[in-house]
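Geometric and topological summary
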Amino acid sequence: MTKLRLSVLDQTPVGEDHTPDGALRASVDLARAAEELGYTRYWVAEHHDSPGFASSAPEILAGALLARTSRMRIGTGGVLLPRYDPAKVAEVFGVLASLHPGRVDLGIGRAGGPARDFPQRLAELRALLGEGGVVPQAPVPPQMWLLGAGRESARLAGMLGTEFAFGHFFSPVGGREAFEDYRARFRTSTGGRAGGALAVRVVTADSAGRAEELAQSMLLWRARKDLGQDGPLPSYGTTRRHRWTGAELERAEAHRTALVSGAPEQVSAVLTALAASHGVDELIINTLTCDPSDRQRSYELLAEAFALPAPHPQPPIPAGASRG
């Protein structure tokens, strides 16, 4: 059996009594830690006008993380293509891939604007990143991923021959069928073998009780967001004192099905089963907590539970040189 790989999807969450600039610095710290823990890739998301998320320019944050890491793949999860000219996206990621060959992922989402011409825009972007496409022409082009939570995105990824990540934390049902569609069309369009990854929202802690406290805070934030009260992620102290409304409880229960939480051994068993049932060997883990230290601890415990391989040591730095 292929060993399961773990990666990170970072939405750069902002907790109450924390600041957006602090959240961005926490993302840098987490990326450095994730590389040392053996995670495969690290993606940063794109969100706008949300008090709970600080990453509104993922290509800028990805560039900063590439400069502060040395082995792990870094990318976006994802750039909201309907907002941008495909040529500009290709140029930005061509530069990143030229500076960091073999390490850049370009994850694309279809939210952020009218999606009726999304397939054409995606095909244009793919062509621009191919041979003879854009200047600079990266020696190793960025790896393109299409992100989605339905069968339409899966089919499009298969037809274009891109990688595909299914957002289980958006929609915990339908992933198996989406991957079936993706793989069938991928084989037809390229003749190759499709991979794919499952993006899952997870929180774990040193005890099941502490994990449940963190889960409750995330569920309160998500319920409020659904009901039009978007804000930073609440602390557990706030959550403990909160009097839940019926509508909040209903929304929290709905989102509970898309959250894997508990002690590390509980979480690892559920995640292993999810990967097997979807036919993937990579899980992209998304964790939201008020305090960055709780988030980093969750990723540390997952790395231990899955016995992620330690990264290879870096070669010695020549005299007078710098890693940046």
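Reading the values: rules and limits
Residues numbered from 1 in each chain as written. Predicted model: local features only at pLDDT ≥ 70, side-chain atom pairs only at ≥ 80, totals over all residues. Heavy atoms only, no water. Helix = DSSP H or I, 4+ residues; strand = E, 2+ residues; numbered from the N terminus. Expected span 1.5 Å × (residues − 1). Buried < 20%, exposed > 50% of the residue type's maximum accessible area, 1.4 Å probe, protein only. Arc of directions from axis to C-beta. Contact = heavy atoms within 4.5 Å. Pairing = 2+ DSSP bridges. Right-handed = clockwise from strand over helix to strand, strands pointing away. Salt bridge = Lys/Arg side-chain N within 4 Å of Asp/Glu carboxyl O.

1. Observations regarding helix α10 (residues 264–278)
Taking 1.5 Å as the rise per residue, α10 with 15 residues should run 21 Å; its terminal C-alpha atoms sit 21 Å apart, in good agreement. Those residues of α10 that sit buried are P264, V267, S268, L271, L274, A275 and H278. Burial along α10 is one-sided: seen end-on, the buried residues are contained in an arc of 125 degrees. Structural note: α10 exposes E265 and A276 on the side pointing more than 90 degrees away from its buried face. Looking at the packing, one finds that the buried side of α10 touches α6 (175–190), β7 (197–204), β8 (259–262), β9 (282–286) and α11 (292–305).

2. Here we look at the pairing of strand β2 (residues 41–44)
Looking along a regular strand, one sees side chains alternate from face to face of the sheet. Residue alternation in β2 divides its side chains into two sets, R41 and W43 and Y42 and V44, and both sets are buried. Relative to β2, strand β1 (residues 5–10) is paired through three bridges, and the arrangement is parallel. Following the sheet pairing, V8 is matched in β2 by Y42. Crossover β1 to β2 through helix α1 (residues 20–37) is right-handed. Examined bridge by bridge, β2 and strand β3 (residues 73–80) share four bridges and lie parallel to one another.

3. A word on the pattern of salt bridges
For the structure shown, the criterion picks out 22 salt bridges. Measuring nitrogen to oxygen at the nearest pair gives 3.9 Å for the salt bridge that ties R71 to E35. Taken as a pair, R71 in the loop between α2 (58–68) and β3 and E35 in helix α1 lie far apart in primary sequence, 36 residues in all. Owing to a relative accessible area of 6%, E35 belongs among the buried residues under this scheme.

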